[in-house]
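# Reading the structure
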Amino acid sequence: QVQLVESGGGLVQPGGSLRLSCAASGFTFSTYAMSWYRQAPGKERELVAVISSAGGSTKYADSVKGRFTISRDNAKNTVYLQMNSLKPEDTAVYYCKARADWWGQGTQVTVSS
């Protein structure tokens, strides 16, 4: 069955960096665009970044442009989210997604001093 497993979250100080990973299995990873979403307490889930199936095209939410980078390794069936210059408002549970309905379980990112 389809599995998406996120990792790499944690507690980081403002201005710090984290790299999230999402390991995929159960489907032909290289044929699907992949996305990262996040959901902060009391807020709706929002799109953070999208990458095309081959990795040649990316899009970002305005709030993370210039700070976050989405990438993928189709040989490893893994998508990444490099997060730099983190701010307290980046605190959320981060999810990876494939297709309309395949979600991971999420990984918590907390930005706090």
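Residues numbered from 1 in each chain as written. Predicted model: local features only at pLDDT ≥ 70, side-chain atom pairs only at ≥ 80, totals over all residues. Heavy atoms only, no water.

### A look at the sheet that holds strand β1 (residues 3-7)
Stated formally: DSSP-based pairing: two strands are paired if at least 2 bridges between them are found. Under the scheme used here, helices are H or I runs from DSSP no shorter than 4 residues and strands are E runs no shorter than 2 residues, and both carry numbers assigned from the N terminus. Between N-to-C directions, angles cover 0 to 180 degrees, with each direction set by a line fitted to C-alpha atoms, over the stretch in contact for helices.
One open sheet accounts for four strands, arranged β1-β3-β8-β7; its pairing is antiparallel. Only two strands of the sheet have a single partner each, and these edge strands are β1 and β7 (68-73). Across the sheet, the mean angle from the axis of one strand to that of its neighbour is 15 degrees, orientation sign disregarded. The pairing of strand β3 (residues 18-25) with strand β8 (residues 78-83) spans six bridges and is classified as antiparallel. Bridge pairing in β8 places L18 opposite M83.

### Observations regarding the pairing of strand β9 (residues 92-98)
The cut-off we apply is this: Partly exposed residues are those whose accessible area sits between 20% and 50% of the maximum for their type, while under 20% is buried and over 50% is exposed, using a 1.4 Å probe and protein chains only.
With six of seven residues buried, β9 lies mostly within the body of the structure. Pairing geometry for strand β4 (residues 34-39) and β9, over six bridges, is antiparallel. Looking across to β9, one finds that Q39 is bridged to V93. Inspection of the sheet shows β9 paired to strand β11 (residues 107-111) by three bridges, in the antiparallel sense. Bridge pairing in β11 links V93 to Q108. Alignment of β9 against strand β10 (residues 102-103), held across two bridges, turns out to be antiparallel. Residue pairing for β10: A98 is matched across the bridge by W102. What sits between the antiparallel neighbours β9 and β10 is a turn of three residues, in which R99 has the positive phi angle 55 degrees.

Remember that the coordinates give geometry; whether it matters functionally is a separate question.
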